[in-house]
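Here are the chains, one letter per residue:
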Amino acid sequence: MPDLPSENMRRYFLKRELKIGAITIAIAIIAILSDLRCDFNPIETLMDLPGSVVWTFQHFTPTLSSFEKLPKILLALWKTFLGAAAAALVSAILAYVVALIGCRPVGFGGVVRLFVRGVATVSRNIPNVAWAFMLTFSFGQSEFTGFLVLFMKSFGFLTRMFLETMDEISQGSVEALYSVGATKLQIITHAIVPLTSTQVISWLLYMTETNTRDATLVGMLTGSGIGFVFELYYRTFRYDTAGLVILCVALMAMGCEAVSNYVRRRIIQADDAPRKRIVAGDGKIVTRVWTKSKVIIVSTLGVLAVLTVYGFAQMDYGEVNLLNATLGAFNNFGVMVFHPGTDGYWTMGELFNDLVLTISLAVLTTLIGSILALLLALPAACNLSNKVVSNIIKLVFSVIRAIPTIIWVLIFVVSISLGAEACIVGMMFHTVAFLAKAFSESFEELDQGSLDALRSTGASWWEIVTHCVIPEKANDILSWIFIRFENNFVNTVVIAALCGSGGIGYELFLAANFYFSMHAVGLITYMCLAVSVILEVISTQLRKRLIVNRSA
Amino acid sequence: MRDNETLLRIDNLSKSYDGKTLALDNISLALGEGEFVSVIGSSGAGKSTLLRCINGLIKPSSGSIVFDGVEMTKLRGKRLRTQRRRMSMVFQNYNLVLRSSVIQNVLQGRLGYKNAVAGALGIFSKEDKEKALSMLERVGMADFAYVRADQLSGGQKQRVGIARALVQEPALILADEPIASLDPKTSRTVMDLLRTATDDLGIACLVSLHQVEFAREYSDFIFGIAKGQECCKGTPCDFTNDVLAGVYEDEDLLDA
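Residues numbered from 1 in each chain as written. Chains lettered and ligands numbered in written order. Predicted model: local features only at pLDDT ≥ 70, side-chain atom pairs only at ≥ 80, totals over all residues. Heavy atoms only, no water.

A.B. asks: Help me out: how do you make sense of the overall build of chain A in this one?
C.D. replies: A tally of regular secondary structure across chain A gives 20 helices and zero strands. Rg of the C-alpha trace for chain A: 26 Å, near the compact-globule value of 24 Å for 552 residues, within the 12% margin. Each of the three principal axes of chain A carries a C-alpha extent, and together these read 80 × 75 × 55 Å. The buried share among the 552 residues of chain A stands at 51%. Nonlocal contacts in chain A, meaning residues at least 24 apart in sequence, comprise 82% of its contacts between residues at least 6 apart. Total accessible area on chain A is roughly 26500 Å²; 68% of this is exposed by carbon and sulfur atoms. Of the charged side chains in chain A, 40 are positive and 38 negative, and the gap between their average positions amounts to 9 Å. (Helix = DSSP H or I, 4+ residues; strand = E, 2+ residues; numbered from the N terminus. Rg over C-alpha atoms; globule rule 2.2 N^0.38 Å. Buried < 20%, exposed > 50% of the residue type's maximum accessible area, 1.4 Å probe, protein only. Contact = heavy atoms within 4.5 Å. Areas by Shrake-Rupley, 256 points an atom, 1.4 Å probe, with all protein chains shown as cover. Lys, Arg positive; Asp, Glu negative; His and termini not counted. Charge placed at Lys NZ, Arg CZ, Asp CG, Glu CD.)

Structure below.
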């Protein structure tokens, strides 16, 4: 008679091991295929790395003479910041109105809602690159074009976020106001605005921060702002001044992040309300009180509004007639959307081939980056290591993230060589920093009880990691990896082109800047969008299957 | 059915959510001015649906609801809003705007009386503010006027909810399981407030409840619903334990 309980147990473990084995092999195969496609040699890269780091420090460190350029650099930086803040605020205002129209509590349902979500998705998923090319085509190279590019992306992103926030508010509060006999407008100001204000300001600040980070690349593509200044010094081999620019950009990004974090923390905190009598001395009843969080929200909006107005006042609008350019832009957009085609410059086969190259680069970056990030996230989580180590690591990541990816890549282009190595190594910095931060924050949310339970059995640190931390957080880890992968793909499109690795981004450049073919730009954008959508679908499906069911 | 002026008359009200099962099946009910009526029944019997059909939050499948002489089921837009302000609702989950202060929440009860723009901008007249203050004093929450609603306990939130309902100066208060989430002592406070609203201010109350003892103690009339259908009705004296067993079916009520 077979011993049934142990037979079942054997089968259970076997099944588990096979599953893990299958996943590992699948990942390995994908990695190897990608590697072959983009001709990336990890060993060689590893050996080149120390030398390139030394070279970088030697050449990119700002010298005394480079400091003479500081005023010019700071001016460009300031203008870039104004454009980024303006894009965030203007897009937030429009996004809020549009989201109200499509939301569940007070919006018009059905077709209108679908339309709103569609506009947001399109706006959000079209890569900055494509917007940059399309808009530069119509508006020329100017700061205003840079603003528009950032606006497009921000608008799509914020509309979606605001829509989600509005849909998630307590339906009961809205129901109560309907039953009081309030109009939709009254419900908006009395329920929706108070209930969404914290989230909205949070997203607004996040968008400002993100825009300042993206502004460098956008500046390079639209010939404006600090991105243009960097490229100027970089391409004329004045690496010391370029290094100074990098320093300024990093400081601005870190400053924005610090302010944003501080404000977001402050408005969430509960305030002590004055418990005073509500009837004032002169018999007037006071119904509005200024709490600290209200003050902060209003002043944040006020500051951003002032910056926006000032930004628009002194922005360079280029040499084009704005009205004509806007009409032209709509026309171009129409061509892109409704008449995609290769225009005879390439075959579909060539385009697909290069698309695969871009995907392979993204796969390798994400794969290697995830593993490194996982390893680094462990000491970065303050509940798994000590506070000092954790803070140092977080600071280093903060600094790494403060330097835009494109600059990392361009540094490695000159210190290693053009090609896949520079692309992958450069992109890895942000991938690792972003994922390590996400993972470590996730680890820090671990229930102390589970960790204590394992510690009290005498388990070692590594055993705690493999038996508690990883399994508990597997969902989060996978989620973040996929989010980053989608992000990396979009980045790789443009970055691979800029560092000589080719890929579909290179063809996009040619189509926009040499052949002036909006048809081809449209086709390539569709292909990238298709990949984004497929990635999103795959990731949702995989997460559904691999995810541990958390029903209580 | 009753001597006083009939304020609310429901005739043959039915509601089906999916076209097959009936959440409400041919309910008929009448309520006079200044009358306190409880609706009792087990969870899922249809009490919430009934209350929400009355003020139009849910559209009934068939039947008529006549409130103050006006047929509610046909109303839309402005006319619906005008009728709605004559009846206010108290919810099981309080349904306050948690990020706003207590006084702001109570003032929102006056929104039905304001024009669209003034209301949207939150411009309330002196009378509105005085009424709000007096209602807050009535429920004993005047000292909490500036406190943000999410910092209150459940009982305090419900009292603010009642203040909001009272400031509407309604003819009828619909209370959807107002004490379901509260402890016995706080529940008593809330029921007292509703009863004094009827006794002192002449406001009719239609209250749905689980707690049979409270129904017996506070109501002028009790209406029992089981599985969407009327199962029994009468004064509290008529509601003996045998009758109640019918409402709650096999459940053992004698230990309640």
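A.B. asks: Mind showing me how you'd approach the overall build of chain B here?
C.D. replies: Tallying secondary structure elements over chain B gives nine helices and ten strands in all. Relative to the globule expectation of 18 Å for 256 residues, the C-alpha radius of gyration of chain B, 18 Å, shows essentially globular dimensions. Across its three principal directions, the C-alpha atoms of chain B cover 50 × 40 × 40 Å. Within the span of chain B, comprising 256 residues, buried residues form 58% of the whole. Of the accessible surface of chain B, which amounts to about 10300 Å², a share of 47% is contributed by carbon and sulfur atoms.

A.B. asks: In this structure, what is going on with the pattern of salt bridges? I would like to understand it.
C.D. replies: When their charged atoms lie close together, side chains carrying opposite charge are able to pair. This model, assessed by the stated rule, comprises 31 salt bridges over all chains. Here A:Glu209 ties to A:Arg213 by a salt bridge, and the two come within 3.1 Å at their closest N and O atoms. Note that A:Glu209 and A:Arg213 are positioned in helix α8 (residues 184-222) at a spacing of four residues, about one turn of the helix. In this structure A:Glu209 comes out as buried when scored by relative accessible area, which is 8%. One salt bridge connects A:Glu257 with A:Arg401, and the closest N-O pair in it is separated by 2.9 Å. With a gap of 144 residues between them, A:Glu257 in helix α10 (residues 239-268) and A:Arg401 in helix α14 (residues 387-402) connect regions that are remote in the sequence. Looking at A:Glu257, the relative accessible area reads 8%, which means it is buried. Of the residues examined, A:Arg401 reaches a relative accessible area of 11% and is grouped as buried. Here the residues in one salt-bridge network are B:Arg110, B:Lys114, B:Asp128, B:Lys131 and B:Glu169, joined through shared partners. (Salt bridge = Lys/Arg side-chain N within 4 Å of Asp/Glu carboxyl O.)

A.B. asks: I'm lost on the interface of chain B and chain A in this one. Help?
C.D. replies: One frequently used descriptor of interface size is the decrease in accessible area upon assembly of the parts. With 45 residues of chain B in contact, the opposing surface of chain A contributes 37 residues. Contact between chain B and chain A buries roughly 3500 Å² in total, counting both sides, with carbon and sulfur atoms accounting for 56%. For chain B, the biggest contributors to the area lost against chain A are B:Arg99, B:Ala120 and B:Tyr146; these three give 22% of the whole. Inspection of the chain B/chain A interface yields one salt bridge. When the shortest N-O distance is used, the salt bridge between B:Arg52 and A:Glu175 registers 2.7 Å. At the junction of chain B with chain A, the criterion picks out eleven residue pairs in polar contact (both at pLDDT 80 or more). Every element with two or more residues in the side of chain B that touches chain A is listed here: α2 (77-84), β6 (87-90), α3 (102-107), α4 (116-121) and α5 (126-139) of chain B. (Buried area = accessible area lost by both parts, 1.4 Å probe. Polar contact = N/O pair within 3.5 Å; in protein donor to acceptor, adjacent residues only side chain to side chain.)

A.B. asks: I'm lost on the sheet that holds strand β2 (residues 24-32) of chain B in this one. Help?
C.D. replies: By way of backbone hydrogen bonds, the strands of a sheet pair with one another, either parallel or antiparallel. Residue and element names in this part refer to chain B. The strand order across the open sheet formed by four strands is β2-β1-β4-β5, and the pairing between neighbours is antiparallel. Looking at which strands have only one partner, the edges of the open sheet turn out to be β2 and β5 (70-71). Examined bridge by bridge, strand β1 (residues 6-15) and strand β4 (residues 62-67) share five bridges and lie antiparallel to one another. Within β4, the residue paired with Leu8 across the bridge is Phe67. Helix α1 (residues 47-54) contacts β1, β2 and β4 of the sheet and is inclined by roughly 120° relative to β1. (Pairing = 2+ DSSP bridges. Axes fitted to C-alpha atoms, helices over the stretch in contact; angles between N-to-C directions.)

A.B. asks: Quick question: what am I supposed to make of the pairing of β4(B) here?
C.D. replies: Regular strands place side chains that alternate from one sheet face to the opposite one. All names here are of chain B. Bridge analysis of β4 against β5 gives two bridges, and the strand direction is antiparallel. Residue pairing for β5: Phe67 is matched across the bridge by Val70. The antiparallel pairing of β4 with β5 creates a hairpin that spans two residues between the two strands, and Asp68 there sits at a positive phi of about 55°.

A.B. asks: Explain the packing of aromatic side chains to me, please; I cannot follow it from the model alone.
C.D. replies: Within a pair of aromatic rings, the relevant descriptors are the distance that separates the centres and the angle that separates the planes. Residue and element names in this part refer to chain A. The full count for this structure, using the stated rule, is 29 aromatic pairs over all chains. Each ring, one from Trp346 and one from Tyr515, has its centre 5.8 Å from the other, and the planes form 70°; the classification is edge-to-face. A residue pair is termed long-range when its members are at least 10 positions apart, and Trp346 in the loop between α12 (322-338) and α13 (348-380) and Tyr515 in the loop between α19 (504-514) and α20 (518-546) qualify at 169 residues. Judged by relative accessible area, which is 33%, Tyr515 ranks as partly exposed. The structure contains a cluster of three or more aromatic residues connected by ring pairs, namely Phe139, Phe144, Phe147, Phe151, Phe155, Phe312 and Tyr317. (Phe/Tyr/Trp six-rings, centres within 6.5 Å; stacked < 30°, edge-to-face > 60°.)

A.B. asks: Help me understand the environment of B:Pro60, please; the structure alone is not making it clear to me.
C.D. replies: Residue and element names in this part refer to chain B. With respect to the helices and strands, Pro60 occurs in the loop between α1 and β4. Separated by 36 residues in the primary sequence, Pro60 and Leu24 place their C-alpha atoms 8.8 Å from one another. Leave out the neighbours within four places in its chain, and Pro60 touches Leu13, Ser14, Lys15, Cys53 and Thr73.

A.B. asks: What is the right way to read a nonpolar patch on the surface from this model?
C.D. replies: Taken together, the side chains of A:Ile25, A:Ile29, A:Ile32, A:Leu33 and A:Leu36 define a hydrophobic patch exposed on the protein surface, amounting to about 540 Å² of accessible area. Tracing the backbone through its elements, the reader meets A:Leu36 in helix α1 (residues 4-38). (Patch = residues over 30% accessible without salt bridge, like charges linked within 9 Å, V, L, I, M, F, W, Y side chains within 5 Å.)

A.B. asks: It is not clear to me how the domain arrangement of chain B should be interpreted in this structure. Could you clarify?
C.D. replies: Residues and elements named next belong to chain B. Segmenting chain B into domains produces domain 1 (1-86 + 170-256) and domain 2 (97-169). Computed over C-alpha atoms only, the centres of domain 1 and domain 2 are separated by 25 Å. Contact with domain 1, which involves 17 residues of that partner, is made by 13 residues of domain 2. Surface buried jointly by domain 1 and domain 2 totals about 1200 Å² across both partners, of which 68% is contributed by carbon and sulfur atoms. Summed over the three residues of domain 1 that lose the most area to domain 2, namely Arg85, Pro170 and Leu193, the buried surface amounts to 48% of that side. No other element matches helix α7 (residues 184-201), which puts nine residues into the side of domain 1 that touches domain 2. (Domains from an automatic or database assignment.)

A.B. asks: Help me understand the environment of A:Leu374 in this model?
C.D. replies: All names here are of chain A. Note that Leu374 resides in helix α13. Among the residues examined, Leu374 registers a relative accessible area of 23% and is labelled partly exposed. Taking C-alpha positions, Leu374 is 21 Å from Ile43, a pair spaced 331 residues apart along the chain. When near neighbours in sequence (up to four residues on either side) are disregarded, Leu374 contacts Phe439, Phe443, Ile470 and Ile477.

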